[in-house]
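Chain by chain, the residues run as shown.
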Amino acid sequence: MPLLQISEPGKSAAPHQHNLAAGIDLGTTNSLVASIRSGIAETFPDIEGHHLLPSIVHYSEMAITKVRDDEIIVGNAAKSFANQDPLNTIASVKRLLGRGLKDIKTLGTRLPYEFVENEGQGMPMIRTVAGLKSPVQVSADILKVLKKRAEKTLGGELTGVVITVPAYFDDAQRQATKDAATLADLNVLRLLNEPTAAAVAYGLDKGASGIHAIYDLGGGTFDISILRLHHGVFEVMATAGDSALGGDDIDRVIAQWIMQQAHIANDAEHHQIRELLDVARTAKETLSTQNTAPLNIKLDNGIQWQGELTHSQFHELIDPLIQKTISPCRRALRDARLTVADINEVVMVGGTTRMPRVREKVGDFFQRPPHIDIDPDKVVAIGAAIQADILAGNKPDDDMLLLDVIPLSLGIETMGGLVEKIIPRNTTIPVAKTQEFTTFKDGQTAMAIHVVQGEREIVLDCRSLARFELRGIPPMVAASARIRVTFQVDADGLLSVSATEETTGVHSEITVKPSYGLQDTDIERMLRDSLEHVQKDVATRTLREQQVEADRVINALRAALKADGHHLLKHHEFLEISAALDELLRVKEGNHVQAIKRAIEHLDEITQSYAQRRMDTAIHHAMTGHRIDEFTQEN
Ligand code: ADP
Ligand code: MG
């Protein structure tokens with residue numbers, strides 16, 4: 001039996017703690033941690049002064065024997081193992097995060113690792129000397145290093161972090177990121193889209209409004225996002241990109257060119273290819289500030305090959321790759337129904353946008369110089385740190401960025417197939433709301449809780465999200481149990497609903513993902529429907545409510561008649577009440593609200609004296625065996 005409502009929604013709960021927080025950019029190539037200190041957002045370096053932590057993890061045999069994290073080598077130190085021990089040195093694990101083995105095989109990247117299918121879970125594992133490692137575990141090992149670095153710098157434990165993810169990450173990839181954080185013993189305040197973080201770092205959220213393009217070319221991914229700032233809310237108007245395009249591809253084309261120049265065979269040893277890639281990367285980075293880059297390679301036959309890469313040769317090699325980023329930019333604009341002229345600001349993100357050639361081409365396309373003041377490889381971490389600081393409660397509430405709102409109202413089914421909205425649409429998240437319900441029938445020991453989403457008044461017109469039951473309610477008279485139902489939506493849009501019976505504390509709960517599988521078009525349709533049907537819905541609601549009230553009266557009266565009707569009522573009274581009850585039963589089936597209302601009123605009138613007699617008897621029973629002063633004493 002569904003719920004019977006008794007009170008209005010409570011106030012928002014879940015206050016934020018005031019404490020140390022950090023922003024983490026968990027990148028494909030490099031990861032960073034940043035925090036706000038003395039009002040300034042800064043990334044934290046390691047002891048050697050490196051801010052970027054290469055997202056590379058090396059597992060050695062020592063890592064199995066000793067259960068210590070520092071036997072797992074992460075970052076620059078792990079990089080040197082990439083050549084000599086590639087099978088146990090995991091790089092670019094972000095590409096594998098939240099992916100199945102099939103997806104990984106279609107990634108099109110040559111991966112040296114040995115994958116093992118993880119039966120049942122679908123999560124592939126990588127075989128290393130330290131045992132099987134899932135991409136989630138490898139990511140957790142990176143996060144642990146960043147956590148330690150931040151806690152050492154800040155001199156205390158982190159209460160929470162904001163971790164950034166690419167805008168195109170799906171549910172599984174986002175969940176895998178959160179799982180990695182949990183494994184690293186981090187409390188995730190929110191997952192934040194990387195482009196939004198970059199916009200925040202440039203303070204674009206402080207403007208009144210605007211449309212911004214965030215161009216992110218990192219090591220392994222390209223992501224273009226069109227964000228619209230409107231009334232303090234960042235709306236992602238469109239995203240496009242290429243999840244297999246980045247600085248790595250630039251390294252590869254340069255390496256291939258060197259192979260041709262130095263006559264290195266295509267089937268060269270793995271270590272030779274790795275060395276070529278390293279040389280290529282150094283040359284590329286040099287060319288961001290110099291006109292030519294020297295090339296030095298020790299070939300497998302012992303000969304030292306020397307060459308040079310010039311700007312013009314370099315541009316010839318990389319222009320097609322840069323050009324590959326332009327068509328997603330066009331697509332994103334088209335999806336957002338915009339033209340280049342509508343864009344107010346262009347923000348550069350990712351180490352590859354340090355390349356002057358990229359800045360030039362992107363500036364040409366958008367017809368305005370892009371923002372480059374903040375290091376493009378730090379900008380995401382900095383934005384995440386700013387957001388973490390706010391979410392951790394270190395800022396006044398009005399600084400809160402309204403990043404995410406609930407697209408459709410969330411509620412539950414109440415008696416009569418009606419929807420009681422608990423969290424209205426457009427509420428910003430995270431949010432928690434509680435409402436009280438009660439039992440409908442005497443002795444009711446279970447309650448069905450049906451969670452729905454939508455704007456309509458009738459359950460059948462809304463989207464069903466989940467059902468669960470609260471069992472073990474102690475048998476009580478109808479309407480005397482107090483059941484608190486709490487809806488909580490976390491910063492990632494995950495909804496959990498819990499129900500607790502107050503006297504016994506019996507508890508039940510469920511977690512659902514309300515936006516899962518919901519397209520913008522679905523949301524539009526559901527909103528349109530609710531507007532079109534508003535009058536009909538209100539009428540239906542009034543009727544259903546009257547029918548529920550009729551049921552309640554009928555149930556209560558039947559129970560009373562069964563208990564003492566023959567004893568307390570004269571025969572003609574009994575007949576009169578029975579007739580009125582039958583009349584109510586009859587009109588209740590129709591759709592005449594006033595008729596039901598009148599029948600209830602009539603029944604109420606003719607049962608008043610009966611109710612009085614019942615009350616007297618109850619008091620008499622209650623007082624039997626007690627002294628009268630127990631009842632009169634003030635206490
Ligand atoms: P991700 O977001 O994928 O982790 P980053 O934003 O850290 O990656 O970008 C890493 C990429 O940036 C690498 O391919 C690296 O070679 C490239 N990169 C870093 N510095 C420069 C530079 N000065 N010139 C050109 N490319 C650079
Ligand atoms: Mg990045």
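Residues numbered from 1 in each chain as written. Chains lettered and ligands numbered in written order. Predicted model: local features only at pLDDT ≥ 70, side-chain atom pairs only at ≥ 80, totals over all residues. Heavy atoms only, no water.

1. Focus: the pairing of strand β27 (residues 507-512)
Inference 1: Where strand β26 (residues 495-501) and β27 come together, six bridges link them in antiparallel fashion. What sits directly across from serine 496, in β27, is threonine 511.
Inference 2: Hairpin remark: β26 followed by β27, antiparallel, with five residues in the connecting loop; positive phi at glycine 505, about 75°. (Pairing = 2+ DSSP bridges. Helix = DSSP H or I, 4+ residues; strand = E, 2+ residues; numbered from the N terminus.)

2. Brief notes about the side chain of arginine 174
Inference 1: For arginine 174, the position within the fold is in helix α6 (residues 171-183).
Inference 2: Dropping the residues within four chain positions of it, arginine 174 is found in contact with Val165, Pro166, Ala167, Phe169, Leu191 and Asn193. (Contact = heavy atoms within 4.5 Å.)

3. Considering the site of ligand 1
Inference 1: Not every one of the 18 residues close to ligand 1 is listed here, only the nearest: Thr29, Gly219, Lys284, Ser288 and Gly351.
Inference 2: Separating an oxygen atom of ligand 1 from a backbone N or O atom of threonine 29 is a distance of 2.8 Å.
Inference 3: At 3.2 Å from an oxygen atom of ligand 1 is found a main-chain nitrogen or oxygen belonging to threonine 352.
Inference 4: Relative to its unbound accessible surface of 580 Å², ligand 1 loses 90% to contact with the protein.
Inference 5: Contributions of two or more residues to the shell around ligand 1 are made by α8 (247-262) and α9 (270-286).
Inference 6: Examining the composition of the shell around ligand 1, we find that three residues originate from one element, α9, more than from any other.
Inference 7: In the shell around ligand 1, the residues fall into one nonpolar, twelve polar and five charged. (Near = heavy atom within 4 Å. Polar contact = N/O pair within 3.5 Å; in protein donor to acceptor, adjacent residues only side chain to side chain. Areas by Shrake-Rupley, 256 points an atom, 1.4 Å probe, with all protein chains shown as cover. Nonpolar A, V, L, I, M, F, W, Y, C, P; charged D, E, K, R; others polar.)

4. Digging into the sheet that holds strand β6 (residues 56-58)
Inference 1: Here we have three strands laid out as an open sheet, ordered β7-β6-β8, and antiparallel in their pairing. Looking at the sheet topology across the chains shown, the edges are occupied by β7 (73-74) and β8 (89-91).
Inference 2: As paired elements, β6 and β7 share two bridges and run antiparallel to each other. Pairing of valine 57 across the sheet is with valine 74, part of β7.

5. Some remarks on helix α16 (residues 593-606)
Inference 1: Between its first and last C-alpha atoms α16 spans 20 Å; for 14 residues at 1.5 Å apiece the expected length is 20 Å, and the two agree.
Inference 2: Taken together, the buried positions of α16 are Val593, Ala595, Ile596, Ala599, Ile600, Leu603 and Ile606. (Expected span 1.5 Å × (residues − 1). Buried < 20%, exposed > 50% of the residue type's maximum accessible area, 1.4 Å probe, protein only.)

6. Description of the confidence of the model for the protein
Inference 1: For the protein, the mean per-residue pLDDT works out to 85, and 87% of the residues sit at or above 70.
Inference 2: The secondary-structure element of the protein with the lowest mean pLDDT is helix α18 (residues 628-632), recorded at 48, while strand β2 (residues 21-26) shows the highest, at 98.
Inference 3: Confidence drops under a pLDDT of 50 for residues 631-635, and excluding neighbours within four residues, the segment shows three contacts in the predicted structure. (pLDDT = per-residue confidence, 0-100.)

7. Concerning the pattern of salt bridges
Inference 1: According to the stated counting rule, one finds 29 salt bridges in the structure shown.
Inference 2: Salt-bridge contacts for glutamate 151 lead to lysine 147; the nearest nitrogen and oxygen are separated by 3.5 Å. Remark: lysine 147 and glutamate 151 occur in helix α5 (residues 135-154); sequence separation between them is four residues, near one turn of the helix. Across the pair, exposure class does not vary: glutamate 151 and lysine 147 are buried alike.
Inference 3: Notably, a salt bridge pairs arginine 354 with aspartate 375, separated by 3.7 Å at the nearest N-O pair. Note that arginine 354 is positioned in the loop between β19 (345-349) and α11 (356-366) and aspartate 375 in the loop between α11 and α12 (379-391), a separation of 21 residues in sequence.
Inference 4: Assessed through its relative accessible area of 35%, arginine 354 is described here as partly exposed.
Inference 5: Within the structure, one salt-bridge network assembled from shared partners comprises Asp248, Asp251, Arg281 and Lys284. (Salt bridge = Lys/Arg side-chain N within 4 Å of Asp/Glu carboxyl O.)

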